[in-house]
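# Analysis of the macromolecular model
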Amino acid sequence: MSVENLIFKAKEELRALLGKSIQPEDITVSIAPGRANLIGEHTDYNNGYVMPLAIDKHTVIVGTKLNERKIFVKSLHFNEKKIFSLNDIKFKKEDKWVNYLKGVLFFLTQEDYKFDHGAAIVITNDLPVNAGVSSSASLEVSFANFISKLYNFNLDKKMIAEISFKAEREFMNISCGIMDQYIITFAKTSTLLFLDTLEKKFEYISFPTNKAKIVLVDSRVKHEAKQVLNERRQECQNAVNILRKFDNTIKSLRDVTPEIFEKYKNKLPEKLRKRVEHVVFENQRVIQTVDVLKKGKLEDLGKILREGHESCKRLYEVSCYELDLLVDLAYDIEGTIGARLTGAGFGGNTINVVYSDSVNDFAKVISEKYKEKVGFTPGIIITDPVSGVV
C-alpha cells in the first residue's frame, strides 16, 4: 500500500474515531520508514560500526488536538483502541504496544516539555511487525516526530532519535543499540548510513540504485530469541572484563582491534572467544563495505556479506535453518550479488543485494525454492534506500 493510501485510510479512521469531520489544517501527519542492516550485526550495542538503510515500508500516524489531557489512540494493525492520561505516563504490561508511545512522552517530560492538551491518534502501517525490520523503532520515531509537530516542539532530528532510543532501551527495557532510531530518523534517499555507534557520528554512503536493488526475504519464522540475545550481550561484557585485565584501554569490544584479538584470544574461554571474533571482524567488514561502495565495486560485496552470515552462524550463533536456507538459495540464483541474515537473527529476514534486471526472477525463484523446502512462501520486499521520518 502506498504512503498516500495509508494516510487517507488513517484520516478516515480518525474522523470515525471522533465522530465528526476535521479541517485539513487541524490534522497532523508523521511518516517513518522501517530499516534493514546491510552489514554490522550485533556490533551496535558493542559500540561498533553498522551500515543500515531505511526501507520503503512505513508507520503512519495521523492525529489532531483534544482539549482534555488524554491520548486516544487506535492501531489499525492491532485493531485496538486505547486511552491513557497525560497525568499518568507509566509502563503497564497490559498496554503492550502503547507503552512505546508512553516511553516517548515520558522522556520528553524528563526534558521539561509540557503537554497542555491531549490528542486523538490513528496509527497504521505497511511495515511488517515482528519481522526484524524495526517496527518498534519506526513507531517510536514516527510518534516522536508527530508529537513534535502537534505541540510545536520543533525537536531536531538528534533529539527525535535519542528520545525514541531511550523509550525502547529504558522504558521498554529492551537491550538495543542506537542504530534503528538513527537510520529511521536520519536516512536519505539512495544512501546507506555508515554509523559509528560510539561517537554517534555518521557518513552517507551512496548505493547504486541504477544497478541493484535491496531485497528483503522474510523467512516467516521467529524462534524465541530474547533470552539468548541477552546472553550474547552479557557474554560480550564478560569478554571485555577479561580483556581489560591485559589491556586497561579496552572499555568495549569496539576497542578490540584484530591485532589485540590475536594477542589475547587465548585468554578467553572458547565461547567468549567466538563472540569477540565475530564482533571484531564484523566491524572490519563494515569498513570494507564502505570502501567497496565508494570504489563502485559492487560485485565485491558478495564475499563480505557471505562472511558476515557465516560469522553470525558459526561464531555468534544467532542464525537458524530457515535463514541459512534462504542465504544458500540466494547465492545459487543468477543476479545475486550477496546475501546474509539481517537483524537479531533466529528468524526474520535475509538481506539480498541483487542486480536490478534480475530482481523479479530472483523473487520468483527464491519463493518457489523456499516453499519446496519448508512448505510455505517467504515474504518479499524489494526496495531502494529511502528517506527518513517526515
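Residues numbered from 1 in each chain as written. Predicted model: local features only at pLDDT ≥ 70, side-chain atom pairs only at ≥ 80, totals over all residues. Heavy atoms only, no water.

## Section: the overall build of the chain
Broken down by element type, the chain carries 11 helices and 11 strands. Since a compact globule built from 390 residues should have a radius of gyration of about 21 Å, the 21 Å found for the chain is in line with a globular shape. Each principal axis of the C-alpha atoms in the chain carries an extent, and together these give about 65 × 50 × 40 Å. When the 390 residues of the chain are sorted by exposure, 57% land in the buried category. Intrachain contacts of the chain at a sequence separation of at least 6 include 70% that bridge at least 24 residues. A total accessible area of about 17000 Å² is found for the chain, and carbon and sulfur atoms account for 46% of it. Taking the average place of the 57 positive charges on the side chains of the chain and the average place of its 53 negative ones, the gap between the two points comes to 3 Å. (Helix = DSSP H or I, 4+ residues; strand = E, 2+ residues; numbered from the N terminus. Rg over C-alpha atoms; globule rule 2.2 N^0.38 Å. Buried < 20%, exposed > 50% of the residue type's maximum accessible area, 1.4 Å probe, protein only. Contact = heavy atoms within 4.5 Å. Areas by Shrake-Rupley, 256 points an atom, 1.4 Å probe, with all protein chains shown as cover. Lys, Arg positive; Asp, Glu negative; His and termini not counted. Charge placed at Lys NZ, Arg CZ, Asp CG, Glu CD.)

## Quick look at the sheet that holds strand 11 (residues 379–383)
Sheet architecture is open: 4 strands sit in the order 9-10-8-11, paired in antiparallel fashion. Whereas interior strands pair on both sides, the edge strands pair on one side only; in this sheet they are strand 9 (336–342) and strand 11. On average, each strand axis in the sheet is inclined to that of its neighbour by 20°, with strand direction left out of account. Taken together, the 8 bridges between strand 8 (residues 212–222) and strand 10 (residues 347–355) define a ladder with antiparallel strand orientation. Residue pairing for strand 10: V217 is matched across the bridge by T350. Each of strand 9 and strand 10 is contacted by helix 9 (residues 301–314), which is oriented at about 25° to strand 9, the strand it contacts most. On the sheet, helix 10 (residues 321–331) packs against strand 8, strand 9 and strand 10 and is oriented at approximately 175° with respect to strand 9. (Pairing = 2+ DSSP bridges. Axes fitted to C-alpha atoms, helices over the stretch in contact; angles between N-to-C directions.)

## Considerations on the pattern of salt bridges
Summed over all chains, the structure comprises 22 salt bridges. E235 is paired through a salt bridge with R232; the nearest N and O atoms lie 3.7 Å apart. Pair noted here: E235 and R232 are both in helix 6 (residues 226–243), with a separation of 3 residues, about one helical turn. Residue E235 is classed as buried on the basis of its relative accessible area, which comes to 9%. For R232, a relative accessible area of 6% puts it in the buried group. Two residues, E307 and K303, come together in a salt bridge whose shortest N-O distance is 2.6 Å. One end of the pair, E307, and the other, K303, are both in helix 9, 4 residues apart, so they sit about a helical turn from each other. (Salt bridge = Lys/Arg side-chain N within 4 Å of Asp/Glu carboxyl O.)

## Here we look at the nonpolar core
Across soluble globular proteins, nonpolar side chains show a tendency to be buried alongside one another. Counting 51 residues, the largest nonpolar core has L105, I121, F143 and I147 as its most contacted members. Contributing elements (two or more residues each) for this core: strand 2 (49–66), strand 3 (70–75), helix 2 (98–110), strand 5 (118–125), helix 3 (135–150), helix 4 (157–171), helix 5 (179–186) and strand 6 (191–196). Looking at this core, the element that brings in the most residues is helix 3, giving 8 residues. Setting aside chain neighbours within four positions, we find L105 in contact with I71, F84, L86, I89, F115, F143 and I147. Counting 29 residues, the second largest nonpolar core, distinct from the first, contains L127, V133, I214 and V353. (Core = buried A, V, L, I, M, F, W, Y, C linked by side-chain atoms within 4.5 Å.)

## Concerning the pairing of strand 4 (residues 80–85)
Judged from the 6 bridges that link them, strand 3 and strand 4 form a sheet pairing that is antiparallel. When the bridges of strand 4 are listed, K74 appears paired with K81. The hairpin formed by strand 3 and strand 4 contains 4 residues between the paired strands, and N79 there has a positive phi angle of roughly 50°.

## Comments concerning the pairing of strand 2
Counted residue by residue, strand 2 has 15 buried out of 18 residues, so it is predominantly covered. Direction of pairing for strand 1 (residues 28–39) relative to strand 2: antiparallel, over a ladder of 11 bridges. Following the sheet pairing, T28 is matched in strand 2 by G63. As paired elements, strand 2 and strand 6 share 2 bridges and run antiparallel to each other. The residue bridging Y49 from the neighbouring strand is D196, located in strand 6. Across 8 bridges, the pairing between strand 2 and strand 5 is antiparallel. The residue bridging G63 from the neighbouring strand is I121, located in strand 5.

## Considering the packing of helix 9 against helix 10
Closest axis-to-axis distance for the helix 9/helix 10 pair is 11 Å, and the angle between their directions is 160°. By the criterion of interaxial angle, the relationship of helix 9 to helix 10 is roughly antiparallel. Helix 9 and helix 10 meet at a crossing whose hand is left-handed. Residues G302, L305, R306, H309 and K313 of helix 9 form the contact with helix 10, whose own contacting residues are L323, D324, V327, D328 and Y331. (Parallel < 35°, antiparallel > 145°, perpendicular 65-115°, else oblique. Left-handed = near helix turned anticlockwise from the far one by under 90°.)

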